[in-house]
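A structural walkthrough
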Amino acid sequence: MVDSTFILKGDICYCQDSRTLRTIPNGYLVCEAGRSQGAFETLPDSYASLPILDYSGRLILPGLVDLHVHAPQYAFRGLGMDLELLDWLNTHTFPEEARYQDPDYAKGAYARFVSDVRQGPNTRACVFATIHEEATVLLMEFLEKSGLVAMVGKVNMDRNSSADLQEESAEASALATLHWLDRIEGRFSRVTPILTPRFIPSCTDELLDQLHAIQQKRKLPVQSHLSENQGEVEWVRELCPDVSCYGGAYDAFGLFGGKDCPTVMAHCVLCDETEIALMKARQVYVAHCPASNTNLSSGIAPVRRYLDEGIPAGLGSDVAGGTHCSIFRAMADAIKVSKLRWRLVDQSLSPLSAAEAFYLGTAGGGSFFGKVGSFAKGYECDILVVDDSRYGSFGNFSVEDRLERTIYLSEDSDIVHKFVRGMKLF
Ligand SMILES: [Zn+2]
């Protein structure tokens, strides 16, 4: 028996698919070599010899997936929330990110970020670092050691930033990326690189062209931002007058999804019909970040539409546009803003249910990592054991009711045990 082979007993809840929530009160989740063999009401005889970890009375849920977070922004979260995106970037974000030039500063800030995420409900994340190689490698080392699974990107920026947060040229940015990739090759088992052009205003065509060559050669996924805020979208239109939509500016350089280029785009608040059609054709992932979109007055993404269109989607904390890392919070925020959108903007798109938000924050975003975010057979065992007794109960709540309350009420301290790929973190 290896460490990652065991049975968990408790009140199990997970999404079988985007429309089916499965609950098993007092059930058994079988994990063999880090993968689920399924969840059962009665334990099959064939597993009778495996050790049982008895968490009766606790909720057993899949680990949560943060599809979009900026690790260097954690240190100043909750600041500048009266600004819109472009002013917020120039006033707070770029000066703060420039500090990661100093590895000592990065070490302190990243240690805190990783330690806090480790204690919370997220088990996986797509993470932006900064343009700095040294600090990015430090972040990857911390994440690897934490037991979390992450894709991490050294950010590329060669225009329109401050002098201390801009790479010298497209060539220099591409070379720095290759140097970083060579340096980390084969070093980590849980943390992998992802190409990270910051967003179109920060990247020249020449840089995108060079990143495309790197993407092709190294077969890397891509993360960036798309159609987030009014001012940003107008700026992209000026910078790229010849493309059909914002996404077209990435697509022109082969950095917008498709079979060989898995891509996740944060926000997708203001996508027009052309852009939505392109996202659908290329199966570009949407990282829906409701807290950030509220804080920076960006708007409300039409997530119901994306789900109906079959565009893959998950949730992002977007710290520090968002203020909290927990994807439970993002689920509650996603439900709330979807109601406002339905009430105030468009009655044709019904609000998200708790089960749908739970899907987005688990299996929806998890699929960017493979078979992740569910307990269906074959899925990797990222597991949370949640003690929801603190919320108080004076009636008989179903497991589904308790999931909904957890989405709205949970604090990180309610996560009493956490497993990633079948390995127990605590
Ligand atoms: Zn972002």
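Here goes a summary of the coordinates provided. Nothing here was measured: the structure is a model prediction, and the numbers come from that model.

Quick look at the packing of helix α11 (residues 327-344) against helix α13 (residues 399-409) now. Interaxial distance between α11 and α13 falls to 7 Å at its minimum, and their mutual angle equals 95 degrees. Taken together, the axes of α11 and α13 lie roughly perpendicular to each other. Of α13, the residues touching α11 (which contributes Phe328, Met331, Ala332, Ile335, Lys336 and Lys339) are Thr406, Ile407 and Tyr408. Among the residues making up the contact of α11 with α13, the classes are represented as six nonpolar, one polar and two charged.

Moving on, we come to the coordination of the zinc ion. For a metal with four donors in a tetrahedral arrangement, the ideal angle between donors is 109.5 degrees, while six donors in an octahedron ideally sit at 90 or 180 degrees. Bound to the zinc ion are the protein donor atoms His68 (NE2), His70 (NE2), His225 (NE2) and Asp318 (OD), situated 2.0 to 2.5 Å from the metal. Around the zinc ion, the four donor atoms are arranged such that angles at the metal cover 85 to 170 degrees; this shape is classified as irregular. Between consecutive donors of the zinc ion, the numbers of intervening residues give the motif H-x1-H-x154-H-x92-D. The burial state of His68 is the same as that of His70; both residues are buried.

In this section: the pairing of strand β15 (residues 383-386). Burial along β15 is two-sided: Ile383 and Val385 facing one way and Leu384 and Val386 facing the other are all buried. Relative to β15, strand β4 (residues 52-62) runs antiparallel, the two sharing four bridges. Considered in β15, the bridge of Ile60 is made with Val385. Looking at chain direction, β15 and strand β16 (residues 415-420) are connected through four bridges and run antiparallel. Note that in β16 the partner of Val386 across the bridge is Ile415.

Any pair of aromatic rings gets described here by the distance separating the centres and the angle formed by the planes. In total, this model carries 11 aromatic pairs according to the counting rule given. With a centroid separation of 6.5 Å and 85 degrees between ring planes, the pair formed by Phe368 and Phe369 is classed as edge-to-face. As far as burial versus exposure is concerned, Phe368 and Phe369 are alike and both buried. Three or more aromatic residues joined by ring pairs form one cluster here, namely Tyr100, Tyr105 and Tyr110. We note Arg77 situated over the ring of Tyr74; from NZ or CZ to the ring centre the distance is 3.8 Å.

Attention now moves to the sheet that holds strand β1 (residues 6-17). Within the open sheet, the seven strands sit side by side as β3-β2-β1-β4-β15-β16-β17. Their pairing is mixed. The open sheet has two edge strands with one neighbour each: β3 (35-40) and β17 (423-424). The sheet contact formed by β1 and strand β2 (residues 20-32) spans 10 bridges and is antiparallel. Looking at the pairing, Ile12 lines up with Ile24 of β2.

The parallel open sheet is built from four strands, whose spatial order is β5-β6-β7-β9. Looking along the sheet, the strands with just one partner apiece sit at the ends: β5 (64-70) and β9 (191-193). Strand-to-strand twist across the sheet, computed as the mean angle between neighbouring axes with direction ignored, equals 20 degrees. The pairing of strand β6 (residues 122-128) with strand β7 (residues 149-153) spans five bridges and is parallel. Within β7, the residue paired with Cys126 across the bridge is Met151. Relative to β7, helix α3 (residues 133-146) is tilted by about 175 degrees, and along the sheet it contacts β6, β7 and β9.

We now examine a nonpolar patch on the surface. Residues Leu340, Leu344 and Val345 make up a contiguous nonpolar surface patch of about 320 Å² in total accessible area. Checked against the element boundaries, Leu344 lands in helix α11.

To continue, consider the environment of Phe142. Assignment of secondary structure puts Phe142 in helix α3. Phe142 gets classed as partly exposed once you look at its relative accessible area, which sits at 24%. For the pair formed by Phe142 and Thr196, sequence separation is 54 residues and the distance between their alpha carbons is 19 Å.

With that settled, consider the side chain of His70. Relative to the helices and strands, His70 is located in strand β5. Only 3.4 Å separates the side chain of His70 from the side chain of Asp318, close enough to count as a polar contact. Among all residues touching His70, those that are not within four sequence positions of it are Glu97, Phe128, Arg198, His225, Asp318 and Val319.

Our focus in this paragraph is the nonpolar core. Leu139 and Met279 are the most contacted members of the largest nonpolar core, which totals 122 residues. Residues contacting Met279, with those up to four places away along its chain left out, are Leu226, Phe256, Cys268, Cys271, Val284, Val286, Tyr306 and Ile311. In terms of nonpolar packing, the next biggest core, distinct from the first, is built from 15 residues, Ile12, Leu29, Val385 and Phe419 among them.

Turning our attention to helix α5 (residues 205-218). The first and last C-alpha atoms of α5 sit 20 Å apart over 14 residues, in line with the 20 Å expected at 1.5 Å per residue. Among the residues making up α5, those that are buried are Leu207, Leu208, Leu211, Ile214 and Gln215. One face of α5 carries all of its buried residues, which in axial projection span an arc of 115 degrees. Against the buried residues of α5 lie β8 (155-156), α4 (170-184), β10 (196-197), β11 (222-226) and α7 (246-251). After α5 finishes, the residue Lys219 shows a positive phi value of roughly 55 degrees.

Calculation notes
- Residues numbered from 1 in each chain as written.
- Predicted model: local features only at pLDDT ≥ 70, side-chain atom pairs only at ≥ 80, totals over all residues.
- Heavy atoms only, no water.
- Axes fitted to C-alpha atoms, helices over the stretch in contact; angles between N-to-C directions.
- Helix = DSSP H or I, 4+ residues; strand = E, 2+ residues; numbered from the N terminus.
- Parallel < 35°, antiparallel > 145°, perpendicular 65-115°, else oblique.
- Contact = heavy atoms within 4.5 Å.
- Nonpolar A, V, L, I, M, F, W, Y, C, P; charged D, E, K, R; others polar.
- Donors = N, O, S within 2.8 Å, 3.2 Å for Na, K, Ca; no water.
- Tetrahedral: all angles 85-135°; square planar, octahedral: opposite > 155°, others 65-115°.
- Buried < 20%, exposed > 50% of the residue type's maximum accessible area, 1.4 Å probe, protein only.
- Pairing = 2+ DSSP bridges.
- Phe/Tyr/Trp six-rings, centres within 6.5 Å; stacked < 30°, edge-to-face > 60°.
- Lys NZ or Arg CZ within 6 Å of the ring centre and 35° of its normal.
- Patch = residues over 30% accessible without salt bridge, like charges linked within 9 Å, V, L, I, M, F, W, Y side chains within 5 Å.
- Areas by Shrake-Rupley, 256 points an atom, 1.4 Å probe, with all protein chains shown as cover.
- Salt bridge = Lys/Arg side-chain N within 4 Å of Asp/Glu carboxyl O.
- Polar contact = N/O pair within 3.5 Å; in protein donor to acceptor, adjacent residues only side chain to side chain.
- Core = buried A, V, L, I, M, F, W, Y, C linked by side-chain atoms within 4.5 Å.
- Expected span 1.5 Å × (residues − 1).
- Arc of directions from axis to C-beta.

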